[in-house]
Structure formats: C-alpha cells, structure tokens
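Survey of secondary and tertiary structure
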Amino acid sequence: MTYTIDVEGLTKSFGPTTALAGIDLQARPGTVLGVLGPNGAGKTTAIRILATLLRPDGGRAVVDGLDVVRDAVEVRRRVGLTGQYATVDEDLTGTENLVLFGRLLDLPRDEARARARRLLDRFGLAEAAGRRASTYSGGMRRRLDLAASLVGDPSIVFLDEPTTGLDPGKRDEMWRTIRSLADDGTTVLLTTQYLEEADALADEISVIDHGRVIAHDTPAGLKQLVGGQTVVVRPRDPDLTTAAAGIVERSTGHEVDRVRRGVVTAPVADERTFTEIVHELERGGVAVTELALRLPSLDEVFAALTRPEAVPA
Amino acid sequence: MIAHSLALAGRSLTKTRRNPGVLMDALILPVLFLVLFVYLFGGAVAGSTQEYLQYLFPGILILTTVLAGQIATGMSIVVDMKKGVFDRFRSMPVSRSSLLVGSVLADSVRYVIAVVVLFGVGYLLGFRVETNAAAAAAAAGLAIAFGFALSWITVLVAVLLRDETMVSTVGFLLPFPLVFGTSMVAPAETMPDWLRTWADVNPVSHAIDASQGLLLGGPVAGPVAMMLLWGGVFLAVFGTAAVTAYRRLT
Ligand SMILES: Nc1ncnc2c1ncn2[C@@H]1O[C@H](COP(=O)(O)OP(=O)(O)OP(=O)(O)O)[C@@H](O)[C@H]1O
Ligand SMILES: [Mg+2]
C-alpha cells in the first residue's frame, strides 16, 4: 500500500521544548486523515514540516512519494496549506489575493483570473470578491484562506484547525467544503481539537499528545476505544435526578458517571440504548430539559486513552 | 523569479496605495529637516539662508532616499513574517529571494515620490540646480540606488529579529550617524577631530559629495565611483546576508 502522506519517526525540538517526539502518520490517497490533539500537542509543527516550512530534526516525511526535505521544491508544487491563522492579505480584495497566488504559481494572467473567479464562486465569496479582505467576517476569511490554498489545484491539502473560531453554521459549511475536496480525490490532512470534527470528516484519526501518537484508528474504532458515546439527561425537576439516574443505569447496565447539578451522564454502547432510555424516561414520567447523545470530549478521549483499563479486551 | 518578484512588488504597491500613511514618514521627515536647517542654521552657518539651501539640498536628497528605504521596507517584511503571509508564500514554489526582492522593489516607487516631492519643495524654497537637468536626474537616480542598497541593512535586521519595535528603532536611528556624520550640514573642517575622522571614512560622505557635484558642479567622477562602489558593497553584504538568513529560517 502506498500512502500519499507517509511520516515515520518525525522529531523536532525548539530549544528545550520537544514539539515532536517521533510521530508516525499515514494517509491513503483521496482520504482525510484527522490529527487530533490538545494545545501544544505538536499539530502545527507537524504540518509545518510537511509543508516544507520547517526542517525536522529526525525521521522521515514523504508526501506524494517525495521527501519533504530533499524534494522540497517539488513538494511545494503539489501541496496546499491553510495555516491555523488566516493569512490572506487584508489590504487586497478577494480576487486580488487569489490572482496573486495564481501568478506565484506561474499561471498565465487570464488563467489566474479565471481560477480566482471559480474559487470565489465555489466558496460563496463572489459577491465580496471586489472588497478588501479586511472587511470580511471571520468565516469569509477562513474560506478565502482555504480557496487560496486550492489555486494550484494541489493533490494534497493541509488544514490546520480549519474551523476554530467559526460559529456552528459556518463550521458545517466548512465541513461540507472539506468533504467535497476529499470526494474529488484530494488527500487531506487536517488537525483539530474536537473529536466531533474528526469524527465528521476523517477516514482515520491519529490522536497525538506531547508530540507522540497515542492512538490511531477509524472514527468508529476510536469511539469504541474510548467508551463510545455519552448520554446526558437533565430532568426538569431536580428532585427526579435520582429516578433518572436509576433509569439510565438500568438501561445501560452501567453505573452513571456522575450526578452533578442535576445532570446525569453515562456511557452508552450504541444508539439503541439511547432510544430505550428515552422510552423509559417517558414511561417513568420524568420530564427532561436536556437529553442528548454526545461524543466524548477531547478530555475524555485522553482520560480514556491514558487509563490502562481503557484498552479494549 | 523575476515574474514572482514583480507580482509581489505589485502586491506591496497596492498595499501602499491603500495605506498612503506609510508614505508620510518618508516624505515629511526630509522636508522637515530641510526647512528646519535652512531657516534655523542657514544664517549662522553660511551667512544667508539661500546659500545654505544650495549647500544643504544635495545631502538632504541622500537623507531622503536612505530614510525612505530604512523605515518602511523592514516594517512590511516583519509584518508579513509575523502574520504568516510569508509562510504561506514559502509553502509555494516561489523562490525565497523573490519575497524579499519584491518588498524592496515596491519601495522604488516610494523613493521616486519622495524625491519628486523633495525637489518640488526645494524649488519653492529657492533651490536651483547649478548644473543641468541630466546631471540632476543622475543625482536623483544615484540617490535612489544608494538608498535601495542601504535598505538591505534593515531587511537583515527584520529577518533576524522579527520585531517591529527593533526594526523601527534601527531604521529610524541608523540614518543619523550615517547621514549626519558627514559634511551634509556643515563643512567637515568645522568638526571636532573624532567626528571629522568618522565623516572621512563614512561611506555616505561619498554619496553626498557625488550629489553635490552633480547638482552644484565640482568633482563628479571620483565621488560617484566611490558611491557606486559602496552601494555595491552594502548590497552584496547585507543583501546576501538577508537572503541567506531568510533561507535558513526553515
Ligand atoms: N517556533 C517555536 N519556538 C519555540 N517553541 C515552539 C515553536 N513552535 C512550537 N513550539 C512549541 O512546540 C510545542 C508544539 O507546538 P505546536 O504549535 O505544534 O502545537 P499545536 O498542537 O499546534 O497547538 P495548538 O492547538 O495550540 O495550535 C509547543 O510546546 C510549542 O510551545
Ligand atoms: Mg497549532
């Protein structure tokens, strides 16, 4: 199996800080690899090395069969990078930004203009095309930033926390865009701090912490590994919390995690259990103000992954 | 690489056009010095403000181009590096030197504007070229080339330190010992020994001599040769150092 992105034992230190302590990452062609990790885990460092902006101290990083150190120039022709912070030029208009990138990629002027127009259309920026980017909202800047990394039609795209700071509506929009990229055959490596995002977008997820990969799996596998999903129940009447906890315990066959400020949470293995809980709450006459099935937060993922007994039997 | 440098220079120009404020430093300061010196010291130094204006103007021309290059070029580079704009470009198949060259090239427009304004103000105050138009054009062109060569000093500082405050301090302070430590304001004979020694070895002295020769008459060939030589040295040393330092950022 050849991987489009193939990283082995990559290390990088900044003075006394070890940003990457030897990570391995693999992505198959046309798939989305999610790199999930908390602040300071080394996500940006890894992306910067893959995008040829930083030299690794050790290990190997191969993109599209090319070594990012030895064949840096050729790698730059094939990858698109959208950094953690939008880097579009605020003094230029949307069109000017994209045309500049086209010119830097040696496209003829007409072709650069045509591509800029297509991308602006595709990202819903056609109307704002002639305005300076300084007048764009955060979501528009992000989209323009992503569009800029696609001007050269790259076969590999690196996205560093593409939805941080976007409201839920804009985030869903960005998710759709990213998925459509992969559907078109682009290999995407994206970093995120949210399991929910990795779950929505990635074919496979590598969880990293302190510069190491601590888990690698499909989203389904990872959710299994960290105990699946969590049911959250908040009875309208706080006095019924104990009753609700009893119902949840009977349905899940597990003790509830904690009963805090009138909220009951417990791990659930599958959606059927959730349906059963809903049913039982109704039968027991427990009215609720909140009833949800949610994915573990990053904290819970880490708690689970670093807890020895979390390793599945 | 030339096409890339031009594309990037175009970007910087558009930015300057939309933020004309950055031009102001480069325009106002030299004109301010010209007016101040002529009317404050003119009478005392040369006996008449008019005569002093003739003496001072060629030096102010050099000051103008040096200041124009020092302040803004380094600043725009630091801002681009901090905001990640350069990183974005660096992840593309764009030669690293064109990023710096583009910024510096865009400044040539700023030099031209500053020089035109200076000649305009000089004319209004009563400055007259004593040679001919071709010599005056040569003086302006050489001054711009010299300012360009020196601007690589702050580019180097910008690349190495990546700090706006440091860059603006260096860019603002550096022109003073360089440009004022010459016979620009007053003849070197009136200076204390230590300052005269500095004025004698100071490369900017040659530039000012050349500028005086071209605008007012007098020896031209020698000073111009020295000015070009020194400009070449600055360009070679600081330009190479800046590009090398920038490449090594990876
Ligand atoms: N240029 C640098 N100089 C010094 N230390 C650095 C540098 N870049 C990163 N680091 C350090 O390396 C570690 C990893 O940083 P990195 O930016 O890769 O994390 P991240 O996973 O992207 O975090 P975040 O989610 O906050 O963006 C951190 O401890 C950071 O402080
Ligand atoms: Mg980061």
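Before any of the text, the structure's been laid out above.
The notes below deal with the structure included here. Please read all numbers here as calculations on a predicted model, not as lab measurements.

The interface is formed by 30 residues belonging to chain A together with 22 residues belonging to chain B. Carbon and sulfur atoms supply 54% of the area that chain A and chain B bury against each other, a total of about 2300 Å² over both sides. Seen at the junction of chain A and chain B, the total is six salt bridges. In this structure, R11 of chain B engages D89 of chain A in a salt bridge whose closest nitrogen and oxygen atoms are separated by 2.6 Å. Where chain A packs against chain B, one counts 13 residue pairs in polar contact (both at pLDDT 80 or more). Breaking the side of chain A that touches chain B down by element, the ones donating at least two residues are α2 (72-78), β6 (79-82), α3 (94-104) and α5 (138-150) of chain A. It is α3 of chain A that contributes the most residues to the side of chain A that touches chain B, five residues altogether. A breakdown of the residues in the side of chain A that touches chain B according to their chemical character gives 13 nonpolar, five polar and 12 charged.

Residues and elements named next belong to chain A. Taken together, the six strands give an open sheet; going across it, the order is β6-β7-β8-β3-β9-β10, and neighbouring strands pair in mixed fashion. The open sheet has two edge strands with one neighbour each: β6 and β10 (212-217). The average angle at which neighbouring strand axes cross in this sheet is 15°, direction not considered. The sheet contact formed by strand β3 (residues 32-36) and strand β8 (residues 187-192) spans five bridges and is parallel. Bridge pairing links V32 to V188 in β8. Each of β6 and β7 (156-160) touches α5; the most contacted strand, β6, lies at about 165° to it.

So, on to the coordination of the magnesium ion (ligand 2). Residue and element names in this part refer to chain A. With distances of 1.8 to 2.1 Å, the protein atoms coordinating the magnesium ion (ligand 2) are T44 (OG1) and Q84 (OE1). You can see T44 sitting in helix α1 (residues 43-50) and its partner Q84 sitting in the loop between β6 and α3, a full 40 residues away along the chain. According to the relative accessible area criterion, T44 is partly exposed, its value standing at 26%. By relative accessible area, which is 18% here, Q84 ends up buried.

The next point concerns the site of ligand 1. Residue and element names in this part refer to chain A. Near ligand 1 you find 14 residues, and of these G40, K43, T44, T45 and Q84 are the closest. Within the side chain of E161, one N or O atom sits 2.9 Å away from an oxygen atom of ligand 1. Here ligand 1 has 630 Å² of accessible area as a free molecule, and 62% of this is covered by the chains. When residues of the shell around ligand 1 are traced back to their parent elements, those giving at least two are β2 (17-27) and α1.

This part covers the sheet that holds strand β4 (residues 58-63) of chain A. Residue and element names in this part refer to chain A. Here four strands make up an open sheet; going across it, the order is β2-β1-β4-β5 and the pairing antiparallel. Every other strand in the sheet has two partners, leaving β2 and β5 (66-67) as the edge strands with one partner each. Here five bridges tie strand β1 (residues 5-14) to β4, and the two strands are oriented antiparallel to one another. Across the sheet, the residue bridging to V7 is A61, located in β4. The sheet strands contacting α1 are β1, β2 and β4, and the helix crosses β1 at an angle near 115°.

Turning our eyes to something else, we now look at the packing of aromatic side chains. Summed over the entire model, instances satisfying the criterion amount to 15 aromatic pairs over all chains. When the centroid spacing of 5.7 Å and the interplanar angle of 45° are considered together, the rings of F101 of chain A and F89 of chain B count as tilted. You can see F101 of chain A sitting in helix α3 and its partner F89 of chain B sitting in helix α4 (residues 85-90), one on each of two chains. Assigned by exposure class, F101 of chain A and F89 of chain B land together as buried. Plain terms: the ring middles of F57 of chain B and F119 of chain B are 5.2 Å apart, the flat faces sit at 65° to each other, and that makes the pair edge-to-face. Highlighted residues: F57 of chain B in helix α3 (residues 49-83) and F119 of chain B in helix α5 (residues 96-125), separated in sequence by 62 residues. Aromatic ring contacts, followed pair by pair, group F33, F37, F41, F176 and F180 of chain B into a single cluster. Its end group placed over the ring of Y123 of chain B, R128 of chain B keeps NZ or CZ at 3.8 Å from the ring centre.

Rules used in this analysis
- Residues numbered from 1 in each chain as written.
- Chains lettered and ligands numbered in written order.
- Predicted model: local features only at pLDDT ≥ 70, side-chain atom pairs only at ≥ 80, totals over all residues.
- Heavy atoms only, no water.
- Contact = heavy atoms within 4.5 Å.
- Buried area = accessible area lost by both parts, 1.4 Å probe.
- Salt bridge = Lys/Arg side-chain N within 4 Å of Asp/Glu carboxyl O.
- Polar contact = N/O pair within 3.5 Å; in protein donor to acceptor, adjacent residues only side chain to side chain.
- Helix = DSSP H or I, 4+ residues; strand = E, 2+ residues; numbered from the N terminus.
- Nonpolar A, V, L, I, M, F, W, Y, C, P; charged D, E, K, R; others polar.
- Pairing = 2+ DSSP bridges.
- Axes fitted to C-alpha atoms, helices over the stretch in contact; angles between N-to-C directions.
- Donors = N, O, S within 2.8 Å, 3.2 Å for Na, K, Ca; no water.
- Buried < 20%, exposed > 50% of the residue type's maximum accessible area, 1.4 Å probe, protein only.
- Near = heavy atom within 4 Å.
- Areas by Shrake-Rupley, 256 points an atom, 1.4 Å probe, with all protein chains shown as cover.
- Phe/Tyr/Trp six-rings, centres within 6.5 Å; stacked < 30°, edge-to-face > 60°.
- Lys NZ or Arg CZ within 6 Å of the ring centre and 35° of its normal.

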